[in-house]
Each structure stands twice: as C-alpha cells, then as structure tokens.
Amino acid sequence: MSNTYSGIRESRPHTFNDCGGSSRELSSEFGKRCLKAADRTFSQGLQCQQINSMSALMSLEEAVFIAHSPQGCVGCTSMATDIYRVGQAHRGVKLIKNPRIIVSNLDQRDIILGGEGKLKEAIEYAKERYHPKLIFIFTSCASGIIGDDIDAVAREVQEDSEALIIPIHCDGFKSKVCASGFDAAFLSISKYILKGEKLPKQEGLINLFAPVSISYKDQLEMERMLGLLGLRANYIPFFSSLESIKTIPAAEASTSICKVFADEFMKELWENYEIPFSHTVMPIGVRNTDKWFRGVAGLFGKEAEADLYIEKEHARILPEIEKIKQRLQGKRVFICGGTGRSFAAAALIDDFGMELVGLETPTYDDDAQTDIEYLYAIHKDFIIDIANMQPFEQINLVNRLKPDVFIGVPVWSARLGIPTTHVLDMKRPTMGYDGILYLGNKIADQIENPGFNKKLAKHARLPYKKSWYEEDPFKFIKPLE
Ligand code: SF4
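J.: Outline the site of the ligand, listing residues and values.
T.: The full set of residues close to the ligand is Cys48, Cys73, Ser140, Cys141 and Gly172. When its residues are assigned to classes, the shell around the ligand shows three nonpolar, two polar and no charged.

If you want it as structure tokens, here you go:
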C-alpha cells in the first residue's frame with residue numbers, strides 16, 4: 001500500500017478479473033502488455049470485499065464489528081465465525097465465543113432518508129453491551145450509495161468513547177477484486193491505529209501477516225520455522241490484539257503467509273517505517289516452503305542457516321513424499337482458489353508427480369505472471385479461468401477436462417461426482433514441510449474413496465442445462481471497447 005494507493009486493486013496497473021483460455025497464450029499476451037480488458041456479460045456470484053475486510057479482523061480480541069448494511073450482507077460471515085470458533089478450540093479456549101457482530105440493518109426507509117442515526121445507535125449498543133477496546137465499522141453497497149458519512153459519525157462518537165472507533169470503507173461495489181477488502185482493512189489500521197508513529201526496534205521481531213484461512217497448526221509451524229532463524233513472530237491480525245497491532249512499527253521485518261493478503265500494507269510499512277519485507281510465495285509444498293523460508297532468511301542475512309535447515313527437512317520429508325507419490329503420480333488436477341493459494345497448490349502437486357490441467361483464480365496481475373512463469377518450469381500448458389466465483393464456468397470446464405481430482409472450494413464440482421479436496425483448509429495443516437504430508441495423504445485418500453461424491457452426483461442436481469456443457473465456457477467474456 002504505497003502512500004498513494006487507493007485500496008482498490010483495479011487501480012493497480014495490469015490487473016484483470018475477466019479472462020480465460022490457454023495459460024501460455026494468456027501469459028504471453030500479458031507479458032507483451034497486449035492482454036485486453038474484458039467483462040462478463042453474464043456473471044454468477046461474486047465474493048465482495050466487505051466480507052474480506054470483516055473476516056480479516058473478526059478474530060481480534062475485545063473488538064466489535066458493525067456492518068453498516070442491510071442484514072443480508074453479513075450472511076457470509078458465518079464461515080469466518082466458524083473458523084473463529086474452531087480456532088479458539090484449537091488454542092485451548094474453554095469458553096468459546098462468537099465474534100461480536102452487529103448489523104445496523106439498513107432498510108428501504110434509510111436508503112431514502114439516510115442511515116447515520118442507525119449507525120450511531122449501533123455504536124452506542126456495542127459500547128453498552130460489550131465494553132470493547134475496538135469498534136470497527138464496515139461500509140456496504142447500501143451505505144456507500146446513499147453516501148452516509150461514516151467518518152464523521154466515527155469522529156463525533158469518538159469524542160466520548162473509550163473504545164477506538166475505526167471506519168473501514170469496503171462498499172461491495174467498489175471493487176471486483178475481493179482482496180481489495182484486505183487493503184481497506186489495512187488502510188484503516190494504518191490511519192487510525194499506527195498513525196505514522198515510529199517505535200524503537202525490537203531485535204528479532206518480524207511481522208507475520210496471516211489471513212483467516214490459516215489453521216492453528218500452520219501458525220505454529222510458521223512460528224517454529226521463524227524461531228529456527230532466531231526470530232519472534234508478531235502474528236497479525238488473525239487471533240491478535242490491539243497491542244500486537246500497535247507493535248507493528250517495532251518489527252525489524254515483515255512477511256506474509258498469503259501472497260495476496262498484506263502485500264500492499266507491507267509496501268507501506270517499508271515506505272513509512274523502513275521495515276523491509278519478503279514477498280515470495282505461499283509456503284505450501286516443498287518448493288514453495290523452501291522459497292518462502294529463504295526469502296525471510298535473506299532479510300536477516302541468514303541464508304546459510306536456512307539452507308542447512310532445508311537440507312535437514314528434505315532428508316526427513318522426501319522419502320515420505322515418495323510414498324505419497326506412488327498413490328498420486330500422473331493424476332490430472334483442476335485447482336480453484338485465491339490467487340496466492342492456487343498458484344502455490346499448482347507447484348505442490350508437482351511434488352507428487354501430478355499433472356495440472358486447469359486452474360481458476362480471481363485475479364491476474366504482475367504477481368500472477370511471476371507465479372505462472374515459475375509454474376512453466378514444472379507444468380505444461382493448462383487452461384486458466386480468471387474468475388471471482390462464476391460456478392457456471394467452473395462446472396463447464398471441469399466437466400470438459402475431466403480431471404482425476406479437483407483441489408479447491410469443492411461445493412460445485414463435487415456434484416459432478418469427481419473426487420474433491422479442499423485446499424483452503426483453515427482447520428487442518430497445509431503449510432510447511434509437515435503440511436504437505438497431511439495434504440498429500442488427504443488428496444490420495446479422496447481419490448481412493450470417491451463414494452461420497454459419486455452418490456452426491458446421483459442425488460444432487462446442478463442447475464445447468466445439458467446444452468451449457470457443450471458451449472464455450474468463456475462465451476460470456478467480452479472484450480471492452
Ligand atoms: S456489500 Fe454489496 S456486494 Fe457485499 S454483500 Fe452487501 S450488497 Fe452484496
């Protein structure tokens with residue numbers, strides 16, 4: 001997030017949300033800067049940025065989250081709520097809580113007369129009921145369209161409030177790139193909590209940015225690996241606190257588990273606090289875990305220590321991977337996930353000798369181009385679908401390509417009867433050297449036990465006509481004039 005960044009990912013040059021076809025052709029066009037902007041004339045489902053802003057922060061201690069929206073906008077928080085509850089159980093919390101979510105409940109009347117009164121009421125209610133240290137206000141399409149001035153409301157209420165009130169501008173319609181929601185949350189953290197104040201450096205402290213989709217096992221593994229380099233992680237913002245956030249400027253360096261999550265924020269920390277950062281890959285699979293670890297070590301001049309550790313881990317892990325490879329070799333895979341995770345998973349499957357036939361991910365940009373070029377060393381051409389959701393395209397492609405396994409968010413493809421594995425597994429290990437063993441065995445188990453999905457295909461119907469499966473999956477993507 002450079003000091004001039006708006007928080008809308010489309011404002012970054014060469015960002016594409018709507019394209020599809022051969023990966024080689026797409027990356028070649030992109031590389032020559034000839035890729036044309038396009039749009040879908042039909043669109044089915046879109047993850048909005050409000051949910052990403054909310055889920056990024058929803059596990060923070062002593063915080064309340066006010067969605068200044070109609071009720072339906074917070075429907076998606078059920079997944080983050082579940083992850084928060086499971087995350088507490090994994091961390092040994094006995095009295096498991098729900099996140100404190102309040103909806104201002106904008107309705108038709110408020111759309112005409114304005115909803116600031118309701119927002120003030122929600123803030124008062126939050127203070128009275130929960131006595132929080134932090135109150136986050138999230139905008140929505142509705143509050144954005146009617147132009148409620150949430151900054152002014154926050155300023156006014158802040159005057160006699162002990163809780164810090166933080167508005168976050170994440171109106172769903174502002175961006176089709178759902179990662180803009182992360183940026184909106186970090187922009188507000190920067191403006192309302194960090195405020196440009198410098199702190200004395202703490203030796204060995206590193207900011208480790210982690211989204212909601214990281215399991216506790218993965219957190220521990222990442223912290224353990226950093227510990228091998230003599231580093232201490234300031235784990236932000238998942239399951240962290242106001243105090244941890246305030247400590248961000250005291251870190252000697254930053255890195256992120258997800259490549260997309262805090263990339264802009266880390267740029268800002270470099271510009272404003274001179275905190276160097278490592279932005280490489282998501283540490284899924286042997287190759288990527290090596291790369292991620294070397295990237296962090298490089299910030300501290302500890303490459304030799306990292307290489308020694310990597311050598312030891314390879315000696316331990318590679319014979320185990322070989323056993324899994326016997327079960328997975330040659331299997332054809334379709335991957336669907338966020339931009340950081342899907343490219344990382346595509347590198348991972350090569351550890352098991354699997355073949356990539358298709359990949360769906362929400363955004364294509366310079367970072368994705370780096371990832372795809374890195375993949376060409378291990379995979380041939382494959383079909384790529386740049387799509388935020390769009391299940392109709394996915395189903396058409398998966399049905400056409402007939403992979404042996406689908407890795408990603410499986411709700412739709414499972415109904416085609418093919419084995420599926422969830423790669424966005426926030427409850428189980430997926431990262432680092434032990435994560436790959438868990439994930440590899442899970443993929444192999446699914447392929448060898450396809451019964452559930454087969455029965456599902458018999459009994460659960462997908463909503464598409466037979467004719468759709470014969471159509472070009474990208475027929476609704478039209479170049480912009
Ligand atoms: S903010 Fe907009 S896009 Fe997001 S859930 Fe609400 S109405 Fe839908």
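Still more ground to cover, so stick around.
J.: Go over the environment of Glu124, please, and point to the residues and values.
T.: In this structure, Glu124 sits in helix α5 (residues 116-130). The spatial distance from the C-alpha of Glu124 to the C-alpha of Ser161 is 9.2 Å, given a sequence separation of 37 residues.

J.: Which residues make up the pattern of salt bridges, and what values go with them?
T.: Counted under the stated rule, the structure contains 33 salt bridges. The closest approach of N and O atoms between Arg12 and Asp263, which form a salt bridge, is 3.4 Å. Taken as a pair, Arg12 in the segment before β1 (19-22) and Asp263 in helix α11 (residues 263-273) lie far apart in primary sequence, 251 residues in all. In terms of burial, Arg12 and Asp263 fall into one category: buried. The salt bridge involving Asp366 is made with Arg33; its shortest N-O contact spans 3.0 Å. In this pair, Asp366 sits in helix α15 (residues 366-375) while Arg33 sits in the loop between α1 (23-31) and β2 (38-40), placing the two residues 333 residues apart along the sequence. The structure contains a network of salt bridges with shared partners spanning Arg9, Arg12, Asp183, Asp263, Glu264, Lys267 and Asp365.

J.: So what's going on with the packing of helix α12 (residues 286-299) against helix α13 (residues 303-328)? Which residues, and what values?
T.: For the pair α12 and α13, interaxial distance at closest approach is 10 Å and the crossing angle is 165 degrees. Of the possible angle classes, the one that applies to α12 and α13 is roughly antiparallel. In terms of crossing hand, the pair formed by α12 and α13 is right-handed. Here α12 contributes Val286, Asp290, Phe293, Arg294, Ala297 and Gly298 to the contact with α13, which in turn contributes Glu303, Ala306, Asp307, Tyr309, Ile310, His314, Ile317, Leu318 and Ile321. Residues that form the contact of α12 with α13 fall into these classes: nine nonpolar, two polar and four charged.

J.: With reference to specific residues and values, describe the packing of aromatic side chains.
T.: Here the structure, examined in full by the defined rule, presents 20 aromatic pairs. Judged by centre distance (5.3 Å) and plane angle (70 degrees), the ring pair of Phe186 and Phe261 falls under edge-to-face. In this pair, Phe186 sits in helix α8 (residues 180-194) while Phe261 sits in the loop between β9 (253-256) and α11, placing the two residues 75 residues apart along the sequence. Taken as a pair, Phe186 and Phe261 share a single burial class, namely buried. Judged by centre distance (5.9 Å) and plane angle (70 degrees), the ring pair of Phe392 and Phe476 falls under edge-to-face. With Phe392 in helix α16 (residues 391-401) and Phe476 in the loop between α18 (451-459) and β16 (477-479), this residue pair connects regions lying 84 residues apart in the sequence. Among the residues examined, Phe392 registers a relative accessible area of 2% and is labelled buried. When its relative accessible area of 22% is taken as the criterion, Phe476 is described as partly exposed.

Reading the values: the criteria
Residues numbered from 1 in each chain as written. Predicted model: local features only at pLDDT ≥ 70, side-chain atom pairs only at ≥ 80, totals over all residues. Heavy atoms only, no water. Near = heavy atom within 4 Å. Nonpolar A, V, L, I, M, F, W, Y, C, P; charged D, E, K, R; others polar. Helix = DSSP H or I, 4+ residues; strand = E, 2+ residues; numbered from the N terminus. Salt bridge = Lys/Arg side-chain N within 4 Å of Asp/Glu carboxyl O. Buried < 20%, exposed > 50% of the residue type's maximum accessible area, 1.4 Å probe, protein only. Axes fitted to C-alpha atoms, helices over the stretch in contact; angles between N-to-C directions. Parallel < 35°, antiparallel > 145°, perpendicular 65-115°, else oblique. Left-handed = near helix turned anticlockwise from the far one by under 90°. Contact = heavy atoms within 4.5 Å. Phe/Tyr/Trp six-rings, centres within 6.5 Å; stacked < 30°, edge-to-face > 60°.

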